[in-house]
Amino acid sequence: MSELLIWAAIAVYLLAALITAWRSRSGTARDMSGYFLGNRRMGGFVSALSYSATTYSAFMMVGLAGLTYAGGVGAFGFEIVYFAGVSLVAIFGPRFWTVGRRFGFITPSEMLGHRYASSVVAVVVALTSCLFLIPYAAVQLAGVGYLLSGMSGGAISFTTGVIVATLLALVFSWISGIRSVMWTDALQALFMIVASTLVALLVVHGLGGFGALFNTLASEHPQALSVPGSGLFSLTTFLGLTIPWFFFSLSNPQVSQRLFMPASLGAMRRMLLGFMVFGLIYTLVSVLWGFSALVAFPGLAKADLATPTLLASTHVPPLLGVIVMVGILAAAVSTIDSIMLTLSSMIARDVYARARPSVSERAQLRCGVWVIPLIALLALAFAELQLDLIAVLSVAASAGLVVIVPAIIGAFFWRRGTAAGALISILGAGGAVLVSQFSGFHPLGLPPGIWGIGLSGVLFVGVSLLTRAADERAVDFMQAANGR
């Protein structure tokens, strides 16, 4: 594909997104709630599109398509398990929203610090989120790098693609915080779902239709349609990928922070329903991309090149290919800027403000704004390492974050949960996950994601039973969560 066409498409996308971001401004945000939560006044439609764009990133059209290419139909089962996990929002979403309004929480880590009456809990959750989310942001940058490099035949380098994505995310984050991010997310979500669906149908038609596609898979790549598949998936691998992904909506703060933002519980319900429709369509489209690439280009050196190779091929007209490319770029950028905003708010609110208790809200906001580029630079440096499959790296990040889930569940449903239990479960299990991932040591052959949540749950319950809970704080918090 022509390098000029690619840059022209990126320029048009940038112009449209900048206009949308600028028009979303409603004056300069003067406090943390305005900049990071949109003053808790986001409507259901925009929230649904933004939640979708934040959740479904380069992981889908590049990562999930690559996972399907490498592992077959097991990739679809993996993503459907995540999709089922979104049902947790129906249980926890109203509770997050209610306590957020009642106590003025800005971040999920601040919420946990309040519930367990411990500023240390808030700091540990914030730093743990940074530790595991920066690599996840890097995954999105890497997705853009692979995309632009693959579609241009190497004319645009991987590093150039990563830098482009980083700069775009910085611009959208800085214009007016979460308001510009949510409105550009909405634009990006509509763009990516329409373009990718239409072009996926065109590719399948070019390969002879759905019947011909699956007949070719059955005859030439039967392992792609079988369980556990072509060697990538086994039962333990599948569980190791899916268990952390199931809890994604709770464990990833850039997603759970969105639960503080809707204007009402009705808006939250519309957000969840809209996301479910969007997610099902996008999952089917991404898996179709992976299967189509396997039929059209078997034997690719790197599975994550499945989508870029398909888009740059004769199966997709250049203009349509570059439209889908921009949709994937938009999906990655929407996730990156959301991660940067969330992590910067956690550093400002739960680290900086707790180290200096007398600091003003304005000073916290300034700290958060200036932390954003630092996070971007760290993600960029990590992306340059070009490690492993995008999908596997994404789940590795979730395997680390899942250690926070027992403390979140306990905050709302177990009065005996204590600060010591939360701290030991997060630090102990988080450390075990890191050791397992870097050393390759998997006790009993179980991957880090399974050990992470299991060990965290045992430590949280065991230590909580041996220590004293802040009963009054716990009762007050739980009553507020239940609307009493």
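Residues numbered from 1 in each chain as written. Predicted model: local features only at pLDDT ≥ 70, side-chain atom pairs only at ≥ 80, totals over all residues. Heavy atoms only, no water.

We count it as follows: UniProt positions are given in the numbering used here, feature names are shortened, and annotations may be inferred rather than shown by experiment.
Where an unreviewed UniProt entry is consulted, the protein chain appears under the name Sodium:solute symporter family protein, with the organism given as Kushneria phosphatilytica. Its UniProt record, at the heading Catalytic activity (unreviewed entry), says of the protein chain: "L-proline(in) + Na(+)(in) = L-proline(out) + Na(+)(out)". The record in UniProt for the protein chain states the following under Subcellular location (unreviewed entry): "Cell membrane".

1. Notes on the overall build of the protein chain
Inclusion rule: Helix and strand definitions here come from DSSP, where helices need a minimum of 4 consecutive H or I residues and strands a minimum of 2 consecutive E residues; each element is numbered from the N-terminal end. We compute the radius of gyration from the C-alpha atoms alone; for a globule the expected value is 2.2 Å times N to the 0.38, where N is the number of residues. The rule is simple: take the accessible area with a 1.4 Å probe, protein chains only, and divide by the maximum for that residue type; under 20% is buried, over 50% is exposed, in between is partly exposed. Residue contacts are defined here by distance: any two heavy atoms, one from each residue, within 4.5 Å place the two residues in contact. Here the Shrake-Rupley method, with its probe set to 1.4 Å, supplies the accessible areas, and only the displayed protein chains count as covering residues. Positive charges are assigned to Lys and Arg, negative charges to Asp and Glu, while His and the chain termini are left out of the count. For charged residues, the charge sits on one atom: NZ in Lys, CZ in Arg, CG in Asp, CD in Glu.
Helix and strand counts for the protein chain come out as 23 helices and zero strands. Whereas a compact globule of 484 residues would reach a radius of gyration of roughly 23 Å, the protein chain reaches 22 Å, a difference of no more than 12%. Once the C-alpha set of the protein chain is aligned to its principal axes, its extents read approximately 65 × 55 × 40 Å. Per-residue burial for the protein chain yields a buried fraction of 59% across its 484 residues. For the protein chain, the proportion of contacts with a sequence separation of at least 24, taken over those separated by at least 6, is 86%. Accessible surface for the protein chain amounts to roughly 17,300 Å². Of this, 69% is attributable to carbon and sulfur atoms. Side chains of the protein chain give 24 positive and 15 negative charges; the mean places of these two sets differ by 14 Å.

2. As for the nonpolar core
Where we set the bar: We define the nonpolar core as a collection of buried residues of types Ala, Val, Leu, Ile, Met, Phe, Trp, Tyr and Cys that are connected through side-chain atoms lying within 4.5 Å of one another.
Ranked by size, the top nonpolar core spans 156 residues in total, and within it Trp-289, Met-325 and Phe-412 carry the most contacts. The residues contacting Phe-412, other than those within four sequence positions of it, are Phe-92, Arg-95, Phe-96, Val-99, Met-111, Phe-477, Met-478 and Ala-481.

3. Concerning a nonpolar patch on the surface
Stated formally: Note on patches: the residues involved have over 30% relative accessible area and no salt bridge, like charges join within 9 Å, and the nonpolar side chains Val, Leu, Ile, Met, Phe, Trp and Tyr join within 5 Å. Here, a salt bridge means any side-chain nitrogen of Lys or Arg that lies within 4 Å of a carboxyl oxygen of Asp or Glu.
Taken together, the side chains of Leu-201, Phe-210, Phe-214 and Leu-225 define a hydrophobic patch exposed on the protein surface, amounting to about 330 Å² of accessible area. Mapped onto the fold, Phe-214 is located in helix H11 (residues 209-220).

4. Observations regarding the packing of helix H7 (residues 108-115) against helix H20 (residues 405-413)
Threshold: Throughout, an axis means a line fitted to C-alpha atoms (over the contacting stretch in the case of helices), and angles, computed between N-to-C directions, take values from 0 to 180 degrees. Roughly parallel refers to an angle under 35 degrees, roughly antiparallel to one over 145, roughly perpendicular to one between 65 and 115, and oblique to any angle outside these ranges. Two helices cross in a left-handed way if the nearer one is turned anticlockwise from the farther one by less than a right angle. They cross in a right-handed way if the turn is clockwise.
At a minimum axis distance of 10 Å, the contact between H7 and H20 shows a crossing angle of 55°. As the angle between them shows, H7 and H20 are arranged oblique. H7 and H20 meet at a crossing whose hand is left-handed. Only Ala-407, Ile-408, Gly-410, Ala-411 and Phe-412 of H20 make contact with H7, whose side of the interface consists of Met-111, Leu-112 and Arg-115.

5. Observations concerning the packing of aromatic side chains
Note the following rule: Only Phe, Tyr and Trp rings are paired, with Trp represented by its six-membered ring, and only when their centres lie within 6.5 Å; those with planes under 30 degrees apart are stacked, over 60 edge-to-face, the remainder tilted.
Counted according to the given criterion, the structure contains 14 aromatic pairs. Look at Phe-103 and Phe-477: their rings are 6.3 Å apart centre to centre, the planes differ by 10°, and that puts the pair in the stacked class. Here the residue Phe-103 occupies a position in helix H6 (residues 87-103), and Phe-477 occupies one in helix H23 (residues 471-481), the gap between them amounting to 374 residues. The class for Phe-103 is partly exposed, based on a relative accessible area of 23%. For Phe-477, a relative accessible area of 0% translates into the label buried. Pairing Trp-414 with Phe-460 gives two aromatic rings, centres 5.8 Å apart and planes at 70°, and the pair type is edge-to-face. Residue Trp-414 is found in the loop between H20 and helix H21 (419-439), and its partner Phe-460 is found in helix H22 (residues 448-466); the two are separated by 46 residues along the sequence. Overall, Trp-414 belongs to the partly exposed group, its relative accessible area being 25%. Given a relative accessible area of 3%, Phe-460 falls into the buried group. Taken together, the aromatic side chains of Phe-92, Phe-96, Phe-103, Phe-105, Phe-260, Phe-412, Phe-413 and Phe-477 make up a single cluster linked through ring pairs.

6. Description of the environment of Tyr-51
Relative to the helices and strands, Tyr-51 resides in helix H3 (residues 44-55). For the pair Tyr-51 and Met-32, spaced 19 residues apart in sequence, the C-alpha to C-alpha distance is 20 Å. Apart from the residues within four sequence positions on either side, Tyr-51 is in contact with Val-89, Ser-249, Val-255, Arg-258, Met-271 and Phe-275.

7. Section: the environment of Thr-283
Turning to its location among the elements, Thr-283 is positioned in helix H15 (residues 265-296). On the basis of relative accessibility, which here comes to 1%, the residue Thr-283 falls in the buried class. In the structure, Thr-283 is positioned 227 residues away from Tyr-56 in sequence and 9.0 Å away in space, judged by C-alpha atoms. Discounting residues that sit within four places of it in the chain, Thr-283 has contacts with Tyr-56, Met-60, Leu-64, Phe-76 and Glu-79.

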